[in-house]
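Here is how the chains run, residue by residue.
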Amino acid sequence: MPDTTPFGRVATAMVTPMTPDGAVDEGGVRAVARHLVETGHDGIVVNGTTGESATLTEDESIEAVRLVVDEVGDQVAVVAGVGSNDTRHSVEMARRSADVGARSLLLVTPYYNKPTQAGVIAHCTAVADATDLPVMLYDIPGRTAIPFTTETLVALDAHPRIQAVKDAKGDLAATSEVLARTDHLIYSGEDALTLPLLAIGAVGMVSVTGHVAGREHVELLAATERGDLATARQIHTRLLPLVQAMMTTSQGAIMAKAALVELGVIDHATVRLPLVEGPPEHLEILRKGMAASGLAVTA
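Residues numbered from 1 in each chain as written. Predicted model: local features only at pLDDT ≥ 70, side-chain atom pairs only at ≥ 80, totals over all residues. Heavy atoms only, no water.

**As for the sheet that holds strand β1 (residues 10-13)**
Argument step 1. The strand order β1-β2-β3-β4-β5-β6-β7-β8 describes a closed barrel built from eight strands, whose pairing is parallel. For this sheet, the mean angle separating the axes of adjacent strands, direction not counted, is 25°.
Argument step 2. When strand β7 (residues 185-188) meets strand β8 (residues 204-207), the two strands line up parallel, connected through two bridges. Its bridge partner being in β8, Ser-188 is matched across the sheet by Met-205. (Pairing = 2+ DSSP bridges. Helix = DSSP H or I, 4+ residues; strand = E, 2+ residues; numbered from the N terminus. Axes fitted to C-alpha atoms, helices over the stretch in contact; angles between N-to-C directions.)

Now the structure itself:
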């Protein structure tokens, strides 16, 4: 296994902190980036789903990348999400992200349009051709309605800059086939399945719970790599209450921001419509999940 990659190995899909009036909180962006580095991450994904990329303007997205690169970019791989359902827009985002110092790119399948797999291949190729940066594909059909089929991933493996897949498909058999037939670096994109994916050959994770459990993810990866499955299972089991609290009570960005407020990293859990902050009962579930996973905030 590599020590690191152009995407890092322990990465989190970082939230985009906002002020109470909904503006991007530049100080909050810097604070979260520092927090992630201090808790063991070697990769930060900016403008992913958890970063609320769908409701950021293009300029806000690029500024978020610039801020993270300026704050911690010499310490970690800063991965810029550039996915959209408009290839021209994704190409422009890729170029602008490269200009402000992103080290690599994250590219989801084009959503809503429902292109054929030939269209998916053409879209990804156009974006990968737009810069010299390595590309991580993001396979999450539950959000996009469009999967990367195994044959499509095999075809895209031929492109020298398409090097990785963030796997949130939840199909371990399909992932095993991709590992067998390609050189793609596989990353867990579903926190509840990180251990199974590492066990079959994934090199790391792009998580949501890493906002809270970065050190634990470093330990999980290390235990898996040294073949200490008992320790890996213990960490996996211990983190399940956190995963369930952050990912099943509401959209991940909502609970991740709430958790960062609990930790004192950011001041506000503001999200943009159509997202709304979780109700008090969700915050209580989050607190209980953090406590059950040994990550409660102590006075």
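**Structural notes on empty space enclosed by the protein**
Argument step 1. Going through the model one piece at a time under the given rule, you end up with two cavities of 30 Å³ or more.
Argument step 2. Reported here for the largest cavity is a volume of approximately 80 Å³.
Argument step 3. Looking at the largest cavity, the residues that line it are Asp-191, Thr-194, Thr-209, His-217, Leu-220, His-236, Leu-239, Leu-240 and Val-243.
Argument step 4. When residues of the lining of the largest cavity are traced back to their parent elements, those giving at least two are α9 (210-225) and α10 (229-248).
Argument step 5. Of all the elements, α10 adds the most residues to the lining of the largest cavity, at four residues.
Argument step 6. Size it by volume and the second largest cavity reaches roughly 70 Å³.
Argument step 7. Lining the second largest cavity are Asp-139, Leu-153, Val-165, Asp-167, Lys-169, Asp-171, Ala-174, Thr-175, Val-178 and Ile-186.
Argument step 8. Within the residue set of the lining of the second largest cavity, elements represented by two or more residues are β6 (162-167) and α7 (172-181).
Argument step 9. Examining the composition of the lining of the second largest cavity, we find that three residues originate from one element, α7, more than from any other.
Argument step 10. Grouping the amino acids of the lining of the second largest cavity by side-chain chemistry returns five nonpolar, one polar and four charged. (1 Å grid on protein atoms, 1.4 Å probe; cavity = no way out; pocket = protein on both sides within 12 Å on 5 of 7 lines; lining within 4 Å. Points joined across faces, edges and corners; volume = space filled by probe spheres on them. Nonpolar A, V, L, I, M, F, W, Y, C, P; charged D, E, K, R; others polar.)

**Overview of the pairing of strand β5 (residues 135-139)**
Argument step 1. Counting buried positions over the five residues of β5 gives five, a clear majority of the element.
Argument step 2. Side-chain alternation along β5 places Val-135, Leu-137 and Asp-139 on one buried face and Met-136 and Tyr-138 on a second face that is also buried.
Argument step 3. Bridge count between strand β4 (residues 104-108) and β5: four bridges; the pairing is parallel. The partner of Leu-106 across the bridge, within β5, is Met-136.
Argument step 4. With respect to chirality, the unit in which β4 leads through helix α4 (residues 117-130) into the neighbouring parallel β5 is right-handed.
Argument step 5. For β5 and β6, the ladder comprises five bridges, and the chain directions are parallel. Note on β6: the bridge partner recorded for Val-135 is Ile-162. (Buried < 20%, exposed > 50% of the residue type's maximum accessible area, 1.4 Å probe, protein only. Right-handed = clockwise from strand over helix to strand, strands pointing away.)

**Things to note about α4**
Argument step 1. For α4, spanning 14 residues, the distance from its first C-alpha to its last is 20 Å, which sits close to the expected 20 Å at 1.5 Å a residue.
Argument step 2. Of the surrounding secondary structure, the elements contacted by the buried residues of α4 are α3 (87-99), β4, β5, α6 (150-156) and β6. (Expected span 1.5 Å × (residues − 1). Contact = heavy atoms within 4.5 Å.)

**Focus on the UniProt feature "site: Part of a proton relay during catalysis" (unreviewed entry) in the protein chain**
Argument step 1. Sequence positions flagged by UniProt for "site: Part of a proton relay during catalysis" (unreviewed entry) are, in local numbering, Thr-49 and Tyr-112. Checked against the lining of the largest pocket, the annotated residues just named reduce to Thr-49.
Argument step 2. For Thr-49, the location among the structural elements is in the loop between β2 (43-46) and α2 (58-72).
Argument step 3. Accessibility expressed as a relative area gives 26% for Thr-49, which makes it partly exposed.
Argument step 4. Excluding its chain neighbours within four sequence positions, the residues that come into contact with Thr-49 are Tyr-138, Arg-143 and Gln-251.
Argument step 5. Here Tyr-112 lies in the loop between β4 and α4.
Argument step 6. Residue classification places Tyr-112 among the exposed residues on the basis of a relative accessible area of 73%.
Argument step 7. Setting aside its immediate chain neighbours within four residues, Tyr-112 contacts Asn-85 and Thr-144. (UniProt positions renumbered as here; feature names shortened; annotations may be inferred.)

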